[in-house]
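Below, each chain spelled out in residue letters.
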Amino acid sequence: MSLIILLALVASSSPSYVPPYYEGQPTFAAVASLDPPDFRGEDVYRIEFNLDAKVEMPQDGFIHRSWEDFQKFDHLLTTHLMNFGLQFPSEPTTENLDAYMKRVMEHSNIINSNVFHDFLGINWSGKDLKFMQSLAEFMKVVIPPLYRAPDFAPEPPVFTDEADCISAEETPFEVYAYLMGFRSQTSLQEFNEWFQAFLSTYPAFTGLEDDSDVQPEGVSVMIPPHFNQTFVHFLPGGYLNGQTVRISFLGKSKFNFLDETRIKEYLTMLYGDKNPKRILDIGTGPGFSAFVLAEMFPEAEIIAVDLAAPYIRMARKWQELRNITNIQFYHANAEDLSWLESESFDLINYAYVLHEIA
């Protein structure tokens, strides 16, 4: 049974799982069990480990690896001249792989290596990578020798609740997914298939079939045929796919125009001395600019619209979590705002739109 099916069965009762960041020196590792297939549809073995870690860090954890992952790990040990007497098993069983792991743990040079740490999903968070915040940071993203990516993906999160998609910190796996997206030019199709399989585990921020739950009362929205003709940033299904909401939301730590602190600095420079009473935010996406405007001008009414209904649902839920009351989020097409009073806004913002059409 695949992880996708499992999620559908247990979402109503199981909490989300957000893997912690592990940092420390491995002192024990064992293959404990064969678990259900992961998001790739591959059978995975649960490796449990103990760490010599700082007091505030987890002292033990687990990672899931497939038979193919074990084969890749053994091959990397060979290429790094560390594979001596490990006797890689010919058949994939829990017992065989556990015996192999015990032999691995007898070699201090392996235990101390990046290859082994990557295999256990430890000692890499990607938090120091700033992506598009400067040219120097962007060079680290696209030029692999400037910044080391792990040889194996960290443990993926499992979200069964939409609120968790908003409140949970970005996991090392999600940073890894972003980084691999930038570095997959020569294997784009393979990455897209892997990426789509993972995104399909995210909640979809669904609502009524006609999306009337997030539209202005009595107003229907026609999606222009060109809107999803090209999937922006290779997001599977584009912005109309609600399972892309969290990965777009996580862009806040990577792109200056999604960083609320930077948005506020710029808007304050332009309009800090103004006193708008009604503001329109077009192409609000997850709502970054709308929230900034709402906090800058607490007496103003903010109307925020976007063509992607799932993103509006996410923004409304985030609004509840932030307890901000002066924003109205709507699924709407900015090419037809006849449902609004004409000439009724003191300020109109559409920076996010300009980014996407540039």
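Scroll up to find the structure.
Residues numbered from 1 in each chain as written. Predicted model: local features only at pLDDT ≥ 70, side-chain atom pairs only at ≥ 80, totals over all residues. Heavy atoms only, no water.

A. Structural detail: the pairing of strand 4 (residues 278–282). Here strand 4 lies mainly inside the structure; five of its five residues are buried. Side chains Arg278, Leu280 and Ile282 project from strand 4 onto one buried face, and the interleaved Ile279 and Asp281 project onto a second face that is buried too. Bridge count between strand 4 and strand 5 (residues 301–306): five bridges; the pairing is parallel. Counted as the bridge partner of Leu280 is Ile303 from strand 5. Judged from the three bridges that link them, strand 4 and strand 7 (residues 347–349) form a sheet pairing that is parallel. Residue pairing in the sheet places Ile279 in a bridge with Leu347 of strand 7. (Buried < 20%, exposed > 50% of the residue type's maximum accessible area, 1.4 Å probe, protein only. Helix = DSSP H or I, 4+ residues; strand = E, 2+ residues; numbered from the N terminus. Pairing = 2+ DSSP bridges.)

B. Structural context of the packing of helix 11 (residues 260–271) against helix 12 (residues 288–296). Where helix 11 meets helix 12, the axes come as close as 9 Å, and the angle between the chain directions of the two elements is 55°. Between helix 11 and helix 12, the angle falls in the class oblique. Crossing of helix 11 over helix 12 shows right-handed handedness. Where helix 11 approaches helix 12, its residues Glu260, Ile263, Lys264, Leu267 and Thr268 are matched on the opposing element by Phe288, Ser289, Phe291, Val292, Leu293 and Met296. Of the residues contributing to the contact of helix 11 with helix 12, the split by class is seven nonpolar, two polar and two charged. (Axes fitted to C-alpha atoms, helices over the stretch in contact; angles between N-to-C directions. Parallel < 35°, antiparallel > 145°, perpendicular 65-115°, else oblique. Left-handed = near helix turned anticlockwise from the far one by under 90°. Contact = heavy atoms within 4.5 Å. Nonpolar A, V, L, I, M, F, W, Y, C, P; charged D, E, K, R; others polar.)

C. Inspection of the pattern of salt bridges at higher detail. If you walk through the whole model with that rule in mind, you get 15 salt bridges. Linking Lys254 and Glu170 is a salt bridge whose minimum nitrogen-to-oxygen distance equals 2.6 Å. In this pair, Lys254 sits in the loop between helix 10 (245–249) and helix 11 while Glu170 sits in the loop between helix 7 (162–167) and helix 8 (172–182), placing the two residues 84 residues apart along the sequence. Accessibility assignment for this pair places Lys254 and Glu170 in one class, buried. The residue Arg322 makes a salt bridge to Glu260 at a minimum N-O spacing of 2.8 Å. (Salt bridge = Lys/Arg side-chain N within 4 Å of Asp/Glu carboxyl O.)

D. Examining a nonpolar patch on the surface more closely. There is a patch of nonpolar side chains on the surface, built from Ile348, Tyr350, Leu354 and Ile357 and spanning about 410 Å² of accessible area. In this structure, Tyr350 sits in the loop between strand 7 and helix 14 (351–357). When its relative accessible area of 41% is taken as the criterion, Tyr350 is described as partly exposed. (Patch = residues over 30% accessible without salt bridge, like charges linked within 9 Å, V, L, I, M, F, W, Y side chains within 5 Å. Areas by Shrake-Rupley, 256 points an atom, 1.4 Å probe, with all protein chains shown as cover.)

E. Representation of the sheet that holds strand 6 (residues 327–331) in the model. Strand order in the open sheet formed by four strands is 6-5-4-7, and the pairing between neighbours is parallel. Of all strands in the sheet, those bounded by a partner on one side alone are strand 6 and strand 7. This sheet shows a mean twist of 15° between the axes of neighbouring strands, independent of strand direction.

Worth remembering: the numbers are spatial, not functional.
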